[in-house]
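Examining the three-dimensional arrangement
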Amino acid sequence: MTLSPWPSRPPAHGSVLLREVAPDDVGMARELSTDPYVPETGSLPFNASVDDALAWISRQQGRHSEGAGFSFTVASVADDQAVGHCGLWLKDVEAGLATAGYAIVPSQRRCGYAADALLALTGFGWTLPGLARILLHIEPWNIASQRTAERAGYVRQEATADHQIFNGETREMLVYVADRLET
Ligand SMILES: CC(C)(COP(=O)(O)OP(=O)(O)OC[C@H]1O[C@@H](n2cnc3c(N)ncnc32)[C@H](O)[C@@H]1OP(=O)(O)O)[C@@H](O)C(=O)NCCC(=O)NCCS
């Protein structure tokens, strides 16, 4: 599937902007990988080596051309420091649906970066033709992520959903949604 082109200006909100993942982000990727939950959400291995992190970066750089979605580094507007990663995944965009994910390096948490990144990512999503709804699948124990979703205007659905984590295991997760407002 051919996706909409890469945005000409980095999506931004508040303290962050979203830019292409680059080899300079290797330190960010390695720090992210020290959180034991992060490897469950994607292909970054726990305690990634430099080579592991560079391979993950290379995979992220291919996500757009392979039609999977938009994979962004979250960077601080103040100093362009990479503070995390987020993605908008579009395999179901023809049905109007996307999923989103986000992670902030442990040393930069509780600074508002995740909420700002999700707001920037969601605003960018609404620029994509046909996209009507973005879903988040969040573990019931993950209060930080639930608060992030709520902060970014997502609404928790009553029903939960079986969602596959990276190792193929299926878990019951909370579902949060944001819907595109008609203009
Ligand atoms: C979830 C995560 C992205 C939050 O990042 P963050 O930058 O610390 O979040 P923010 O600073 O933007 O905070 C957003 C909201 O969450 C709350 N929050 C953040 N960490 C929290 C924690 N550990 N416990 C309770 N609330 C927390 C903040 O207080 C804020 O809510 P408020 O504005 O209503 O007070 C981060 O903890 C993380 O990367 N976790 C590992 C990966 C992950 O779980 N990703 C989500 C997968 S669904």
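What counts as what
Residues numbered from 1 in each chain as written. Predicted model: local features only at pLDDT ≥ 70, side-chain atom pairs only at ≥ 80, totals over all residues. Heavy atoms only, no water. Helix = DSSP H or I, 4+ residues; strand = E, 2+ residues; numbered from the N terminus. Rg over C-alpha atoms; globule rule 2.2 N^0.38 Å. Buried < 20%, exposed > 50% of the residue type's maximum accessible area, 1.4 Å probe, protein only. Pairing = 2+ DSSP bridges. Core = buried A, V, L, I, M, F, W, Y, C linked by side-chain atoms within 4.5 Å. Contact = heavy atoms within 4.5 Å. Near = heavy atom within 4 Å. Polar contact = N/O pair within 3.5 Å; in protein donor to acceptor, adjacent residues only side chain to side chain. Areas by Shrake-Rupley, 256 points an atom, 1.4 Å probe, with all protein chains shown as cover. Nonpolar A, V, L, I, M, F, W, Y, C, P; charged D, E, K, R; others polar.

**Brief notes about the overall build of the protein**
Looking only at helices and strands, one finds 5 helices and 9 strands in the protein. Computed over the C-alpha atoms, the radius of gyration of the protein is 15 Å, within 12% of the 16 Å expected from 2.2 N^0.38 for a compact globule of 183 residues. Referenced to the eigenvectors of the C-alpha coordinate spread, the extents of the protein come out at roughly 45 × 35 × 35 Å. Split into buried and exposed, the 183 residues of the protein put 48% on the buried side.

**Brief notes about the pairing of strand S2 (residues 16–20)**
Burial of S2 is extensive: 4 of the 5 residues sit out of reach of the surface. As judged from the 2 bridges shared by strand S1 (residues 12–13) and S2, these two strands associate in the antiparallel manner. Among the inter-strand pairings, Ala-12 is bridged to a residue of S2, identified as Leu-17. What sits between S1 and S2 in their antiparallel hairpin is a turn of 2 residues, with Gly-14 showing a positive phi close to 55°.

**A word on the nonpolar core**
Counting residues in hydrophobic clusters, the biggest one holds 34 residues, and the most contacted among them are Leu-88, Leu-90, Leu-131, Leu-136 and Tyr-154. Going through the elements one at a time, S2, strand S3 (69–76), strand S4 (82–89), strand S5 (97–104), helix H4 (113–125), strand S6 (133–138) and strand S9 (170–179) are the ones with two or more residues in this core. Top element by residues in this core is H4. It accounts for 7 residues. Excluding residues within four positions of it along the chain, Leu-90 makes contact with Met-1, Leu-3, Ala-68, Gly-69, Phe-70, Ala-98, Leu-128 and Leu-131. Core analysis: the second largest hydrophobic core is formed by 13 residues, Leu-32, Val-38, Trp-56 and Ala-82 among them.

**Observations regarding the side chain of Gln-108**
Tracing the backbone through its elements, the reader meets Gln-108 in the loop between S5 and H4. Looking at Gln-108, the relative accessible area reads 16%, which means it is buried.

**Structural notes on the site of the ligand**
Neighbouring residues of the ligand: 20 residues in total, closest Tyr-102, Ile-104, Arg-110, Gly-112 and Asn-142. In the model, a nitrogen atom of the ligand is placed 2.7 Å from a nitrogen or oxygen of the Tyr-102 main chain. Between the ligand and Asn-142 there is a distance of 2.8 Å, counted from an oxygen atom to a side-chain nitrogen or oxygen. Protein contacts shield 81% of the accessible area of the ligand, which totals 920 Å² for the unbound molecule. Going through the elements one at a time, S5, H4, S6 and helix H5 (143–151) are the ones with two or more residues in the shell around the ligand. Counting residues per element, the shell around the ligand draws most heavily on H5, at 5 residues. Of the residues assigned to the shell around the ligand, the class counts are 10 nonpolar, 5 polar and 5 charged.

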